[in-house]
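Per-entry structural report
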Amino acid sequence: MKQPLLVCAMLVWGAGLALADEGVFANQIIVGGVMDLEGQSRGLGQGMKTGIEAAFRGVSVKGRRLNFKVLNDSYTPSLTGQQTQRLIDEDVFAVIGNVGTPTAQVSLPLLAKARIPAVGFFTGAGLLRPGVGDVINFRASYVQEAAAVIDAAITAGVRPQEICAYVQNDAYGMAGVSGIKAALQSRPNTRDIVARIDQILALDGDNPERNYLGPVGVYQRNTLSSRDGYDSLKAWENEIGTRCKLVVTVGTYAAIGRFAGYARYQGEDWVISAVSFTGAENLSDILTEFGVTDRVVMTQVVPELDSNLAIVKQAMNALGDDFNYVTFEGYLVGRMFIEILKALPGEPNRRSFLSAARNARFDLGGLVLEFIGDNQGSDLVTTTYYSNKEYRPMTTSDWLTLF
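Every value quoted in this text rests on a predicted model; they were computed, and no experiment measured them. (Residues numbered from 1 in each chain as written. Predicted model: local features only at pLDDT ≥ 70, side-chain atom pairs only at ≥ 80, totals over all residues. Heavy atoms only, no water.)

**Examining the confidence of the model for the protein**
- When the pLDDT values of the protein are averaged, the result is 94; 95% of them are 70 or greater.
- Low confidence marks residues 1-19, where pLDDT is under 50. Its contacts with residues over four positions away, or in another chain, come to 14 contacts. (pLDDT = per-residue confidence, 0-100. Contact = heavy atoms within 4.5 Å.)

This is the structure:
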């Protein structure tokens, strides 16, 4: 009875499909991802998936190809938990490229319990810095993105009282609000504003009532109505007797694009900024739909798409017509994962993978990633200006012109 089983096991081993340890097979390493492929933020999930797959295509590491298994969660945390558990049950080597903060809030504890690394998630939230479990971040944080915009606006003459926010009413949006607080609290005459922001951040639960409490308007995740959040900002303007010159937004492209369109319809000339997670190309489509052509600023956490860096040219060649800010980030996450795998000694396993990343430095074709003292490889933040369906790097004179 034992001999047929032994023969069967040998055949399966020869096909590279069994006897795996931590997702490592004879001829492949299986990694997973959970992201929005079908919901309102599907452009982000599909973009990350496309970028990572392009980085993995044709690559062999330690004699093994990389097999990327992606599951959809429609940017819905309850589904994220189910899909993450599926990958855990299949014993994937790592989970990479997941999209979103409220979804990461669910997946990280599950991955930590299973001791599966979380690599290159598409979020700049503080809950991943350092985060529960084994987390390796590629990108700059939302605190850094908010600081880049707010510091530039204040330098251009905007007062802290004239800085407002429109955000998603969940962990993602509050991560952005925390970044705004961090950028403002060291400034003079901001104690009252910071106190209001603290009041907003202190609220807990699913979609708590955060409107009409301070310089922040909110909308519920996976909805598109802008009116209540807009009215909250107008109430703040009336309360303090000034106007919002800069509205820092932290949300999805569909919601932020509609908010910008609604504000313009109401006659507002607010400068609206968006963080990288919003998704530049998808946001452009929504802005065009609602007739918004300018006065929109967006931070990016990847090199400029027209840069002469080798990594940019490599990504352009790998992605072709799919090359954009989001797919480029996916490509960089995939390349980062590959370089860490190459650096580990001997046969790959999760522990050696994590050890290879700690306090290490990697040069991705001119983009240097450093994990010295923390778990975030890149601190790069650039600001771009949206005009006539295109994004271009901002200059000091651009900021002065806006305000």
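**Description of the packing of aromatic side chains**
- Using the criterion set out here, one finds 19 aromatic pairs in the structure.
- A ring pair is formed by Tyr142 and Tyr172, whose centres lie 5.5 Å apart and whose planes are at 50 degrees; its orientation type is tilted. Of this pair, Tyr142 sits in helix 5 (residues 142-155) while Tyr172 is found in helix 6 (residues 171-184), placing the two residues 30 residues apart along the sequence. The residues Tyr142 and Tyr172 share a single accessibility class, namely buried.
- With centroids separated by 5.4 Å and ring planes inclined at 55 degrees, the aromatic side chains of Phe323 and Phe328 adopt a geometry described as tilted. Here Phe323 matches Phe328 in class, with each residue buried. (Phe/Tyr/Trp six-rings, centres within 6.5 Å; stacked < 30°, edge-to-face > 60°. Helix = DSSP H or I, 4+ residues; strand = E, 2+ residues; numbered from the N terminus. Buried < 20%, exposed > 50% of the residue type's maximum accessible area, 1.4 Å probe, protein only.)

**Details of the pattern of salt bridges**
- Overall, the coordinates contain 20 salt bridges when judged by the stated rule.
- Residues Arg392 and Asp398 are paired through a salt bridge, measuring 2.9 Å at the closest nitrogen-oxygen approach.
- In this structure, a network of salt bridges that share partners links the residues Arg139, Glu145 and Glu329. (Salt bridge = Lys/Arg side-chain N within 4 Å of Asp/Glu carboxyl O.)

**A closer look at the pairing of strand 15 (residues 390-393)**
- Summarising the sheet, strand 14 (residues 382-387) and strand 15 pair through four bridges and their orientation is antiparallel. Considered in strand 15, the bridge of Tyr385 is made with Arg392.
- Hairpin connection from strand 14 to strand 15: two residues lie between these consecutive antiparallel strands, with Asn388 at a positive phi of about 55 degrees. (Pairing = 2+ DSSP bridges.)

**Some remarks on the pairing of strand 1 (residues 28-35)**
- Buried residues dominate strand 1, accounting for eight of its eight residues.
- On strand 1, burial covers both faces: Gln28, Ile30, Gly32 and Val34 on one face and Ile29, Val31, Gly33 and Met35 on the other are all buried.
- Here strand 1 pairs with strand 3 (residues 64-72) via eight bridges, running parallel. Directly across from Gln28, in strand 3, lies its bridge partner Arg65.

**Regarding the nonpolar core**
- Membership of the largest hydrophobic core comes to 132 residues, with the highest contact counts inside it found for Phe56, Phe337 and Phe353.
- For this core, the element with the most residues is helix 12 (residues 325-343), which contributes 11 residues.
- Other than its neighbours up to four places away in sequence, Phe337 contacts Val31, Phe56, Leu66, Phe93, Ala94, Ile96, Val119 and Phe353. (Core = buried A, V, L, I, M, F, W, Y, C linked by side-chain atoms within 4.5 Å.)

**Re empty space enclosed by the protein**
- For the structure on display, the rule yields two cavities of 30 Å³ or more.
- Each pocket or cavity is described by its volume, and for the largest cavity that value is around 60 Å³.
- Lining the largest cavity are Phe122, Arg139, Ser276, Gly279, Ala280, Gln300, Val301, Val302, Tyr325, Val326 and Glu329.
- Looking at the lining of the largest cavity, the element that brings in the most residues is helix 12, giving three residues.
- In terms of residue class, the lining of the largest cavity is built from six nonpolar, three polar and two charged.
- There is about 30 Å³ of room inside the second largest cavity. (1 Å grid on protein atoms, 1.4 Å probe; cavity = no way out; pocket = protein on both sides within 12 Å on 5 of 7 lines; lining within 4 Å. Points joined across faces, edges and corners; volume = space filled by probe spheres on them. Nonpolar A, V, L, I, M, F, W, Y, C, P; charged D, E, K, R; others polar.)

**A short note on the sheet that holds strand 7 (residues 163-168)**
- Taken in spatial order, the seven strands make up an open sheet running 8-7-9-10-11-14-15, and their pairing is mixed. Looking at strand neighbours, the two that pair on one side only are strand 8 (216-219) and strand 15, the edges of this open sheet. Pairs of neighbouring strands in the sheet enclose a mean axial angle of 25 degrees, with direction left out of account.
- Looking at chain direction, strand 7 and strand 8 are connected through four bridges and run parallel. Its bridge partner lying in strand 8, Ala165 is registered against Val216.
- Taken strand by strand, helix 8 (residues 227-240) contacts strand 7, strand 8 and strand 9 (246-250), and its axis lies near 170 degrees from that of strand 8. (Axes fitted to C-alpha atoms, helices over the stretch in contact; angles between N-to-C directions.)

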